[in-house]
Amino acid sequence: MLAGSTVFSAGNALTLWSVMQTQAVDTDRLSLSGFSELFDQSGALSLRIDRSGQVVEAGSQWMSRLGHSDPALEPVDLRDVVSPSSKSQIGTILQRLHAGETVVGVVISFRSRQGKACRAVGMLTPVMDGDRMIAAHGVFREKGAGRCESIQPEQQLDPMLLDALVEFAPDGMMITNENQEIIAFNSSFLELWGLDASTVWSGNARSAALRIIRDQDGFLSRIEALYADRENSATGVLHLTDDRVLDWYSAGAWDEEGKYIGRAWYYRDATTRVRMAEEIKRSEALYRQLAANFPDGAVFIFDSQLHFVLADGAGLADVGLTKEKVEGRTLDDVIPGRIVQRLKPLFLDVLEGKQRRQDIRFFGRTFSVTATPVDFGDSIAGRHGMVIAQDITNRKDLEDRLSGAETRLRAIIERIPAVTYVQHVRHSRNATVFISPQVESIFGYSASDLMDGSVDWLETIHPDDREMVVASTEAANTSGSSFVMEYRSVTRGGDIRWVRDEASIVKDEKGFTRFWQGIITDITEERQLRNALGESEALFRSAFDDAATGIVLVGLEGKLNRINRAFAEMVGYSEDELLAMGAIKEFTHPDDVERDVAHFRELMNGEVDSYRLIKRFIHRNGNTVWAEMNVAFAYSADNEPSYVVAQVQDVTEQHRLEEELRKSEAIFRSAFDNAAIGMARVGLGGQWLDVNQSLCRMLGYTREELMAMDFQGVTHSEDLDEDLELVERVLDGTIPSYTIEKRYFHKSGAVFWGELSVSLVRNDHGEPLFFISQIQDVNTKKQLEARLHHLALYDSLTGVLNRHGLTQKLNESIVSQDEPVAVLMFDMDGFKAVNDTSGHDAGDQVLRATAARIRGCLRSADIVARLGGDEFVVVLADVVSFDIADIVASRICESIEQPIVLQPGGEQACVSASVGIEIGRRADAGSDLIRRADQAMYEKKRQR
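Along every chain, residues carry numbers that run from 1 in the direction the sequence is written. With the structure being a predicted model, the display of local features is reserved for residues of pLDDT at least 70 and the display and counting of side-chain atom pairs for 80 or more, all residues being used for whole-chain, interface and lining totals. Calculated side-chain values reflect all of the structure's heavy atoms, with hydrogen atoms and water omitted.

Focus on the overall build of the protein chain
Here's step 1: Runs of H or I in DSSP of at least four residues are treated as helices and runs of E of at least two as strands, each being numbered from the N terminus. The secondary structure content of the protein chain amounts to 33 helices and 37 strands.
Here's step 2: Contacts were defined at the residue level, with two residues in contact if any of their heavy atoms lie within 4.5 Å. Counted over contacts in the protein chain with a minimum sequence separation of 6, partners at least 24 positions apart contribute 51%.
Here's step 3: Residue exposure ignores everything except the shown protein chains as possible cover, and the areas themselves are Shrake-Rupley values with a 1.4 Å probe. Only carbon and sulfur atoms are counted for the fraction: they give 49% of the accessible area of the protein chain, which is about 49000 Å².

See the structure below:
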């Protein structure tokens, strides 16, 4: 696939297609099915507009979206098919297209035939006739939530649009012929594979690329299968040896007459996507585990559009929600409008990176809402927010109870509201005659609801407890004895509450049983408290034993009391072995014991409340373990020190890295200062932060003078814009680094060429810190390149174009290849006699004079070249008449025939010329017209 050599780049795609077609093919109708399938796969929409914005041609996929007929038969204004929000930008885009600018990143919205709102992102490329735009081609891709359903119609891309797409595409593209040789590519392809054009030209691209593919044999097998089966397209993923991942797509390329051209290949760097997908998957699993185990609340994660992407936790049921009702829906879909007004500002603050907490009451409950930003950086996930909603309706009173004992429980019970009731005693059903108003605050029903029969008292009892309550009540009615029952009650809102129902008999003066007088107390918090106290101790044990950080509890006398698993593993001993040693100093490095004891003594003496130190432990295997210790008192309820808590973090690896960093920085400083090329650290604003001596010598400034300047001050003004543009692309992450050749000003004012290589240094959070610049003097190289370029195109004797220069001049893309031209072929008559009689120096002088006289008879748009010996060819631009060409030829011949003075006042030479003339297109001038003009010229010689 990567074999062969190339003679065309993406910028010459039009030339490539014209070479591949015969003259009879209409290039405006040329299509390439490989690229059509390529853009169909990604949802591309293609169209062509005229100068005024009328859609005069569109791909079938675009027409299918909008439901319009063929624009060629019924033109449609682009502003009439987009939504009102996009109309305002169409005029601006047209102005830029008229100026000859390719407009990328165009975002438009429109309504599909099915009435769906669609959003598309793409580019528009102008087709210019000189300085005048005659049309523009566009390709768009549907994006976002409003994306229409995918349709795969056949598309056609004409060569001018294909050229723009290949050159400006952010992905690597190339085309190979049926021999698997590369015949077109774009710059993104070279960057993606780490190749340069010379490697591709030399035919070494295949081996260079295969060296960095992990599964070379598998990929080669896929390639051979694709070239054997021309009809099929294919996609795949490549894993490279530098840990990058590439997505690829390939399809057969065919011209409109069905002739097989080769294959189109498409590559995209998917490394970030793959890694981010894995990271998001791990993060989502972590969040789901956190949410599922959240005991009395719910956890939500939402994206930048306020869509909930995760909802979990036991607390969802408390507000009548489920994961299915929340995930994938928006805040407005799930939460009542009046609550949304309070929550939305909080959610928006979180998306701006702020952490917020707020108590909000809804669904009859009070929730503590804590919102935290979750930032995925520059990845496709973007910024999200995490919200933890914790039900604190009745748990505020339990907070004290969890840290105390009977006092906290008693305080909670005293504040629990109670319902007092009086009922007639009846064996079938007790009739309620009084209920206190507190019933509404606990159960949600008013006293009148229960007394007038609107709500049956049994309906408020949980179905699973109803049979037990009825049986106990009837037994008490029969025996007349008091009772105490605990059961579950269902509130009007559907919440489950535990209550304690206590009642005793009230008798009249005659001793007859008349009423039950009772009190119902809400004991939901009390029952939860019992569970919470047990869970709290279990949670402490789990948190201590399973903590990732080492934890050591030390008595006030310095004796080890308790050690968790992480610390024991850190030093290689079991917990029992460490406790048997008695004190930390027994396995502390001897050089750190005195300092450790001194800190502990200061803590015991009240000189400090806590301390932190870096120290060394001796591992059981004899190795040194570097650790960071944070030591502080743990206090009892009466605020007296109970014991000492030491949190220990293993920093051995960090210590090793710091040592390596110090060594690395020393090496870098030596390499920086002593480098033979200019090196500098440059601030984000362009100021010099550090420069080496080589750069100072190169620019002619002292270090102090240069540090007071910025790089813009020594850069040639014509090269500054390109340099600044590349700096911005590095800063926004579009490219990792860049290398350019640019001109610098020496302190003396002299201009010299330098090769600049720039890379950006970022911190651990990805924030840019400064640039590293390397500059090499390439003045001699640039002068040699200019000289070689001139020698390659111009005749060294006469100064006019040579044969190679003539071919390149004729193929210039700025001139239409259909331009009418006249080709004049001149051959010198009598030139051999000059050489024979006066010598070759005189002959050279005659050739130089002849070339100058021919140039003097031509316009600036005309071309003159020496083909070799005494043959000259002239191409007259924009000439359709043989008569005009003949007049110019006669004028040139008259000029040539004038005597040529070989020496002042001395010998003269006289020559004449035979000329052949042909009229045709510029595209044929380099071969067919010159051949026919040459034949015509020799025919005239024979006639003479």
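Still more to cover.
Some details on the packing of aromatic side chains
Here's step 1: Note on ring pairs: Phe, Tyr and Trp rings are taken, using the six-membered ring of Trp, and paired if centres are within 6.5 Å. Classes follow the plane angle, with under 30 degrees stacked, over 60 edge-to-face and the rest tilted. Evaluated as defined, the whole model comprises 14 aromatic pairs.
Here's step 2: Geometrically, the ring pair formed by Phe302 and Phe347 is stacked, given 4.3 Å between the ring centres and 20 degrees between the ring planes. Taken together, the residues span a long stretch of sequence, with Phe302 in strand S12 (residues 297-302) and Phe347 in helix H14 (residues 337-351) at a distance of 45 residues.
Here's step 3: Measuring from centroid to centroid gives 5.7 Å for Tyr744 and Phe752, while their planes differ by 25 degrees, and the two rings are stacked.
Here's step 4: Working definition: with a 1.4 Å probe on protein chains only, accessible area under 20% of the residue-type maximum means buried, over 50% means exposed, and in between means partly exposed. Note on Tyr744: relative accessible area 3%, which makes it buried.
Here's step 5: The buried category is assigned to Phe752, whose relative accessible area is 8%.
Here's step 6: By way of ring pairs, the aromatic residues Phe219, Tyr227, Trp248 and Trp265 are connected into one cluster.
Here's step 7: For a ring to carry a charge above it, either NZ of a lysine or CZ of an arginine must fall within 6 Å of the ring centroid while also lying within 35 degrees of the normal to the ring plane. The ring centre of Phe770 lies 4.9 Å from the NZ or CZ of Arg681, which sits over that ring.

Structural notes on the environment of Leu801
Here's step 1: Relative to the helices and strands, Leu801 resides in the loop between helix H28 (779-793) and helix H29 (803-810).
Here's step 2: Assessed through its relative accessible area of 10%, Leu801 is described here as buried.
Here's step 3: Taking the C-alpha atoms as reference points, Leu801 and His790, separated by 11 residues in sequence, lie 9.5 Å from one another.
Here's step 4: With near-sequence residues (within four places) excluded, Leu801 lies in contact with Leu793, Tyr794, Asp795, Leu806, Lys809, Ile863, Val864, Ala865 and Arg866.

Comments concerning the side chain of Asp719
Here's step 1: The residue Asp719 is located in helix H27 (residues 717-731) in this model.
Here's step 2: Discounting chain neighbours no more than four positions away, the residues touching Asp719 are Lys742 and Arg743.

Remarks on the packing of helix H30 (residues 831-838) against helix H31 (residues 840-856)
Here's step 1: Interhelical geometry of H30 versus H31 gives an angle of 145 degrees and a closest axis separation of 7 Å. When H30 is examined against H31, the residues Phe831, Val834, Asn835 and Ser838 are found in contact with a partner set consisting of His840, Ala842, Gly843, Val846 and Leu847. Each axis is a line fitted through C-alpha atoms, taken for helices only over the stretch in contact, and angles between the N-to-C directions span 0 to 180 degrees.

Regarding the sheet that holds strand S22 (residues 550-554)
Here's step 1: Across the sheet, which stays open at both edges, the 5 strands sit in the order S23-S22-S26-S25-S24 with antiparallel pairing between neighbours. Strands with a single pairing partner mark the edges of an open sheet, and in this sheet they are strand S23 (560-563) and strand S24 (610-618). The average undirected angle you get between the axes of adjacent strands in this sheet is 25 degrees.
Here's step 2: Here helix H23 (residues 590-604) sits on the sheet and contacts S22, S24, strand S25 (624-635) and strand S26 (641-650); the angle it forms with S24, its principal contact strand, is near 155 degrees. DSSP calls a pair of strands paired once it identifies at least 2 bridges connecting them.

Considerations on unusual backbone geometry
Here's step 1: Phi is positive for Asp243, which is not a glycine, with a value near 70 degrees.
Here's step 2: A relative accessible area of 47% places Asp243 in the partly exposed class.
Here's step 3: Even without being glycine, Leu306 reaches a positive phi, approximately 60 degrees.
Here's step 4: Here Leu306 lies in the loop between S12 and strand S13 (308-312).

Focus: the sheet that holds strand S37 (residues 912-921)
In any sheet, the strands associate via hydrogen bonds between backbone groups, in a parallel or an antiparallel arrangement.
Here's step 1: Overall, antiparallel pairing links the 4 strands, which are arranged S33-S34-S32-S37 in an open sheet. Pairing within the sheet leaves two strands with one partner each, and these edge strands are strand S33 (863-868) and S37. Direction aside, neighbouring strands of the sheet carry axes that sit 20 degrees apart on average.
Here's step 2: Sheet topology note: the strand S32 (residues 820-829)/strand S34 (residues 871-877) ladder contains 7 bridges and is antiparallel. Counted as the bridge partner of Met825 is Val873 from S34.
Here's step 3: Relative to the sheet, helix H32 (residues 882-897) contacts S32, S34 and S37, its axis offset from that of S37 by approximately 155 degrees.

A closer look at the packing of H31 against H32
Here's step 1: Across the interface, H31 lies against H32 with an axial gap of 9 Å and an inter-helix angle of 145 degrees. Remark: the crossing between H31 and H32 carries right-handed chirality. Along the contact surface, H31 presents Thr850, Arg853 and Ile854, while H32 presents Ile892, Ser895 and Ile896.
Here's step 2: Among the residues forming the contact of H31 with H32, the class breakdown is 3 nonpolar, 2 polar and 1 charged. In this scheme the crossing of two helices becomes right-handed for a clockwise turn of the near helix relative to the far one and left-handed for an anticlockwise turn of less than a right angle. All amino acids are sorted into three groups, where Ala, Val, Leu, Ile, Met, Phe, Trp, Tyr, Cys and Pro are nonpolar, Asp, Glu, Lys and Arg are charged, and the leftover types, Gly among them, are polar.

Some points on the pattern of salt bridges
Here's step 1: Salt-bridge detection follows one rule: a side-chain nitrogen of Lys or Arg within 4 Å of a carboxyl oxygen of Asp or Glu. All chains considered together, the criterion is met by 32 salt bridges.
Here's step 2: A salt bridge links Asp596 to Lys615; the shortest N-O distance between them is 2.4 Å. Remark: Lys615 occurs in strand S24 and Asp596 occurs in helix H23; sequence separation between them is 19 residues.
Here's step 3: When the shortest N-O distance is used, the salt bridge between Arg932 and Glu918 registers 3.4 Å. One end of the pair, Arg932, is in helix H33 (residues 925-943); the other, Glu918, is in strand S37, with 14 residues separating them in the sequence.
Here's step 4: Under the relative-accessibility criterion, Arg932 is labelled partly exposed at 26%.
Here's step 5: Through salt bridges that share partners, Glu918, Asp928, Arg931 and Arg932 make up one connected network.

Observations concerning the nonpolar core
Here's step 1: In this description, a nonpolar core means a group of buried Ala, Val, Leu, Ile, Met, Phe, Trp, Tyr and Cys residues linked to one another through side-chain atoms lying within 4.5 Å. Among the nonpolar cores identified, the biggest contains 33 residues, and Leu824, Phe826, Val846, Val874, Leu876 and Ile892 are the most heavily contacted of them.
Here's step 2: Put simply, the parts of the chain that give this core at least two residues each are S32, H30, H31, S34, H32 and S37.
Here's step 3: Leave out the neighbours within four places in its chain, and Leu876 touches Pro820, Val821, Ala822, Leu824, Leu858, Arg859, Asp862, Ala885 and Val888.

Here we look at the pairing of strand S8 (residues 182-185)
Here's step 1: Two strands pair when backbone bridges link them, and strand S7 (residues 172-177) and S8 are joined in this way by 3 bridges, in the antiparallel orientation. Bridged to Thr176 within S8 is Ile182.
Here's step 2: From the end of S7 to the start of S8, which pair antiparallel, there are 4 residues, and Gln180 there has a positive phi angle of about 65 degrees.

With respect to H33
Here's step 1: An ideal rise of 1.5 Å per residue puts 27 Å on 19 residues; H33 measures up with 25 Å between its terminal C-alpha atoms.
Here's step 2: Of all the residues in H33, the buried ones are Ala925, Leu929, Ile930, Ala933 and Met937. Within H33, the buried residues cover an arc of 100 degrees as seen down the axis, which keeps them to one side.
Here's step 3: Summarising the contacts, the buried residues of H33 are in contact with H29, S32, S33, S34 and S37. Multiplying one less than the number of residues by 1.5 Å gives the expected span of a helix. Along the arc lie the directions from the helix axis toward the C-beta atoms.

Overview of the pairing of S22
Here's step 1: When you tally the buried positions in S22, you get 5 out of 5 residues, the bulk of the element.
Here's step 2: Looking at chain direction, S22 and S26 are connected through 5 bridges and run antiparallel. Pairing of Val552 across the sheet is with Ala646, part of S26.
Here's step 3: In this structure, S22 lies alongside S23, joined through 3 bridges in antiparallel fashion. Each bridged residue has a counterpart across the sheet, and for Leu553 the counterpart in S23 is Arg562.
Here's step 4: In this structure, the hairpin formed by S22 and S23 is closed by a connection of 5 residues, where Gly558 is found at a positive phi of approximately 95 degrees.

Thoughts on a nonpolar patch on the surface
Here's step 1: A cluster of nonpolar side chains, namely Leu784, Leu788 and Leu791, defines an oily patch on the protein surface of about 270 Å² accessible area.
Here's step 2: Secondary-structure assignment places Leu788 in helix H28. Any residue with relative accessible area above 30% and no salt bridge may belong to a patch, with like charges joined within 9 Å and the nonpolar Val, Leu, Ile, Met, Phe, Trp and Tyr side chains within 5 Å.

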